Amino acid sequence: MADKHEISMFMKELRRLLHDYKTCNKEFFKKKISDDILLLSSVIYENQIVRYEKRMMKKAKTYEQTKEMGQT
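From a predicted model like this one, the values you see are computed outputs, not experimental measurements.

### Regarding the overall build of the chain
Working step 1: From N to C terminus, the chain includes two helices and zero strands.
Working step 2: In the chain, which comprises 72 residues, the proportion classed as buried is 15%.
Working step 3: For the chain, restricting intrachain contacts to residue pairs at least 6 apart in sequence, the fraction spanning at least 24 positions comes to 58%.

### Details of the environment of isoleucine 7
Working step 1: Residue position: isoleucine 7 is located in helix α1 (residues 4–23).
Working step 2: Looking at isoleucine 7, the relative accessible area reads 8%, which means it is buried.
Working step 3: The spatial distance from the C-alpha of isoleucine 7 to the C-alpha of leucine 40 is 9.3 Å, given a sequence separation of 33 residues.

### So, the nonpolar core
Working step 1: Among the nonpolar cores identified, the biggest contains eight residues, and these are Ile7, Leu14, Leu17, Cys24, Ile33, Ile37, Leu40 and Ile44.
Working step 2: Here this core gets four residues from one element, more than from any other, and that element is helix α2 (residues 27–71).
Working step 3: Discounting chain neighbours no more than four positions away, the residues touching leucine 40 are Phe10, Glu13, Leu14 and Leu17.

### Quick notes on the side chain of lysine 30
Working step 1: Positionally, lysine 30 belongs in helix α2.
Working step 2: Glutamate 27 provides the closest opposite charge to the buried, unpaired lysine 30, separated from it by 4.8 Å.
Working step 3: Ignoring sequence-local partners within four residues, the contact set of lysine 30 consists of Tyr21 and Cys24.

### Quick notes on the packing of aromatic side chains
Working step 1: One pass over the structure, following the stated rule, counts one aromatic pair.
Working step 2: Look at phenylalanine 28 and phenylalanine 29: their rings are 5.3 Å apart centre to centre, the planes differ by 75°, and that puts the pair in the edge-to-face class.
Working step 3: Since its relative accessible area comes to 54%, phenylalanine 28 is described here as exposed.
Working step 4: With a relative accessible area of 43%, phenylalanine 29 lands in the partly exposed category.
Working step 5: Positioned over the ring face of tyrosine 21 is lysine 30, at 4.5 Å from the centre of the ring.

### Structural notes on the environment of isoleucine 37
Working step 1: By secondary structure assignment, the location of isoleucine 37 is in helix α2.
Working step 2: For the pair isoleucine 37 and leucine 18, spaced 19 residues apart in sequence, the C-alpha to C-alpha distance is 7.2 Å.
Working step 3: When residues no more than four places from it in sequence are discounted, the contact partners of isoleucine 37 are Leu14, Leu17, Leu18 and Tyr21.

Criteria and thresholds
- Residues numbered from 1 in each chain as written.
- Predicted model: local features only at pLDDT ≥ 70, side-chain atom pairs only at ≥ 80, totals over all residues.
- Heavy atoms only, no water.
- Helix = DSSP H or I, 4+ residues; strand = E, 2+ residues; numbered from the N terminus.
- Buried < 20%, exposed > 50% of the residue type's maximum accessible area, 1.4 Å probe, protein only.
- Contact = heavy atoms within 4.5 Å.
- Core = buried A, V, L, I, M, F, W, Y, C linked by side-chain atoms within 4.5 Å.
- Lys, Arg positive; Asp, Glu negative; His and termini not counted.
- Salt bridge = Lys/Arg side-chain N within 4 Å of Asp/Glu carboxyl O.
- Phe/Tyr/Trp six-rings, centres within 6.5 Å; stacked < 30°, edge-to-face > 60°.
- Lys NZ or Arg CZ within 6 Å of the ring centre and 35° of its normal.

Below you can see the structure in the form of structure tokens.
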């Protein structure tokens with residue numbers, strides 16, 4: 001999993017690639033840029049999913065602990 005600094009760099013690079021894609025006139029290079037955009041997007045998106053899942057697991061664990069304490 002990438003840390004916040006790496007994700008920030010990936011997002012900056014993604015913005016640059018999106019700009020390059022829009023301004024590029026050669027289909028060969030547009031395809032290569034598109035591949036890079038998809039790769040970086042998947043890394044950023046996957047990282048966000050992992051962080052969300054960790055938060056949800058932590059909340060579920062806290063809920064279960066609170067529930068157990070209330071029943072005993």
